[in-house]
Amino acid sequence: MDGATLEHQHKGRMTKEGIRIHETADFEGMHAAGALAAQILDEIADEVAPGVTTGALDQIITDKVNDTGAKSATIGYKGYQHASCISVNHVVCHGIPGPKVLKDGDILNIDVTVIVDGWFGDTSRMYVAGRPNRKAERLIQVTHDALFKGIEQVKPGNTFGDIGAAIQKYVESNRMSVVRDFCGHGLGRVFHAPPNVLHYGRPGTNATLEEGMFFTIEPMVNLGRPETKVLPDDWTAVTRDRSLSAQFEHSVGVTSDGVEIFTLSPSGKFHPTYG
Ligand code: MF3
Ligand code: CO
Ligand code: CO
């Protein structure tokens, strides 16, 4: 290990829960990585349509990542071979792009993680091929708003339990369910770090948020029951009851008085446009 790498590893400090506290200058690195990931999600919106394959969407994303000189964090990650995860309808997360052809009314999550100057930007959004039915549209809206209920809790002194509780309360008050089997995660110069960011829980529990923590919030919400199972490909997670599932993800940092969302859409888009 060279000196520069060693220095990076020791910069900042770690909480007793193993959560890294980053320095003020590190926010710029996360902002750049987050903005690129979000820009790719902005641009792919125009390509989503009935008749398009998820593999074709992933190829466009791969080209966009390569064109910017950034790196995909997912290609080669634990053997994963694609620049995105594309999760259609009852797929909860980690859908593998491939020959699947989108049809009118399909809803899909596209999740992209890029590495820019060593910093990881991880974000996902929902898209619709053609027009969604009313239930699907409501699921997408509730999931999006649940993410922001969580983000509203991000400030020094609050806890990770406050984030999870706010998301769970909102989702269940809309008679939908929060997936328990997957969670958000710390990130920064690494893809997945402590803590596990649960999207359910009780206020005041778990680690206390401190300025300089970087993590994702990425709730998965089902129209039916929360249980999932992983298909034999070892990646694709689906709802056990085959009900529709949706997800939105942002990478965020705790500031002195609140939150910076690193993966906000540079063009001001976030929610999918229908039709
Ligand atoms: N981007 C996903 C997340 O939100 C992780 C995908 S890992 C992959 O954490 F290997 F499936 F791509
Ligand atoms: Co993530
Ligand atoms: Co992600």
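Summary of the structure given here. What you see is a predicted model, and the numbers here were worked out from it, not measured in a lab.

**Here's the deal with the side chain of S243**
- Secondary-structure assignment places S243 in the loop between β14 (237-239) and β15 (245-247).
- Of note is the side chain of S243, whose polar atom sits 3.1 Å from the backbone nitrogen of G224.
- A polar contact of 2.7 Å, which involves the side chain of S243, links it to the side chain of D241.
- Filtering out sequence-adjacent residues up to four positions away, S243 remains in contact with H90, N222, L223, G224 and R225.

**Considerations on the coordination of the cobalt ion (ligand 3)**
- Here the cobalt ion (ligand 3) is held by the protein donor atoms D111 (OD), D111 (OD), D122 (OD) and E249 (OE), which lie 2.1 to 2.3 Å from it.
- Considering all six donor atoms around the cobalt ion (ligand 3), angles at the metal cover 59 to 168° and the coordination shape is irregular.
- All donors of the cobalt ion (ligand 3) belong to a single chain; written as a sequence motif, their spacing is D-x10-D-x126-E.
- Separation of the cobalt ion (ligand 3) from the cobalt ion (ligand 2) amounts to 3.3 Å, with D122 serving as a shared donor to the pair. Taken as a pair, D111 in strand β6 (residues 107-116) and E249 in the loop between β15 and β16 (250-254) lie far apart in primary sequence, 138 residues in all. The same class applies to D111 as to E249, namely buried.

**As for the coordination of the cobalt ion (ligand 2)**
- Only D122 (OD), H185 (NE2), E218 (OE) and E249 (OE) from the protein coordinate the cobalt ion (ligand 2), and they sit 2.0 to 2.2 Å from it.
- One way to put it: the six donor atoms around the cobalt ion (ligand 2) meet at angles of 52 to 160°, and that makes the site irregular.
- Here the donor residues for the cobalt ion (ligand 2) map to a single chain with the spacing D-x62-H-x32-E-x30-E.
- On the accessibility criterion, E249 (0% relative accessible area) is buried.

**What about the site of ligand 1?**
- The environment of ligand 1 is formed by 14 residues, the closest being T74, H185, H192, E218 and E249.
- In the model, a nitrogen atom of ligand 1 is placed 3.2 Å from a nitrogen or oxygen of the D122 side chain.
- The side chain of E249 places a nitrogen or oxygen atom 3.0 Å from an oxygen atom of ligand 1.
- When isolated, ligand 1 has an accessible area of 340 Å², and the protein chains bury 96% of it.

**Considering the pattern of salt bridges**
- With the rule as written, the count across this model stands at seven salt bridges.
- In this structure, R125 engages D42 in a salt bridge whose closest nitrogen and oxygen atoms are separated by 2.8 Å. Pair noted here: R125 is in strand β7 (residues 119-128) and D42 is in helix α2 (residues 26-44), with a separation of 83 residues, a long-range link.
- For R125, a relative accessible area of 2% puts it in the buried group.
- We classify D42 as buried; its relative accessible area is 4%.
- Its salt-bridge partner being R180, residue E172 comes within 3.8 Å of it at the nearest N-O pair.
- The class for E172 is partly exposed, based on a relative accessible area of 38%.
- The exposure class assigned to R180 is partly exposed, which follows from its relative accessible area of 33%.

**Focus: the packing of α2 against helix α3 (residues 54-68)**
- At a minimum axis distance of 11 Å, the contact between α2 and α3 shows a crossing angle of 140°. Classified by the angle between their axes, α2 and α3 sit oblique to one another. Judged by the twist between their axes, the crossing of α2 over α3 is right-handed. Together, L36, I40, E43 and I44 of α2 and L57, I60, I61, K64, V65 and T68 of α3 make up the contact between the two elements.
- Split into classes, the residues belonging to the contact of α2 with α3 amount to seven nonpolar, one polar and two charged.

Parameters and conventions
Residues numbered from 1 in each chain as written. Chains lettered and ligands numbered in written order. Predicted model: local features only at pLDDT ≥ 70, side-chain atom pairs only at ≥ 80, totals over all residues. Heavy atoms only, no water. Helix = DSSP H or I, 4+ residues; strand = E, 2+ residues; numbered from the N terminus. Polar contact = N/O pair within 3.5 Å; in protein donor to acceptor, adjacent residues only side chain to side chain. Contact = heavy atoms within 4.5 Å. Donors = N, O, S within 2.8 Å, 3.2 Å for Na, K, Ca; no water. Tetrahedral: all angles 85-135°; square planar, octahedral: opposite > 155°, others 65-115°. Buried < 20%, exposed > 50% of the residue type's maximum accessible area, 1.4 Å probe, protein only. Near = heavy atom within 4 Å. Areas by Shrake-Rupley, 256 points an atom, 1.4 Å probe, with all protein chains shown as cover. Salt bridge = Lys/Arg side-chain N within 4 Å of Asp/Glu carboxyl O. Axes fitted to C-alpha atoms, helices over the stretch in contact; angles between N-to-C directions. Parallel < 35°, antiparallel > 145°, perpendicular 65-115°, else oblique. Left-handed = near helix turned anticlockwise from the far one by under 90°. Nonpolar A, V, L, I, M, F, W, Y, C, P; charged D, E, K, R; others polar.

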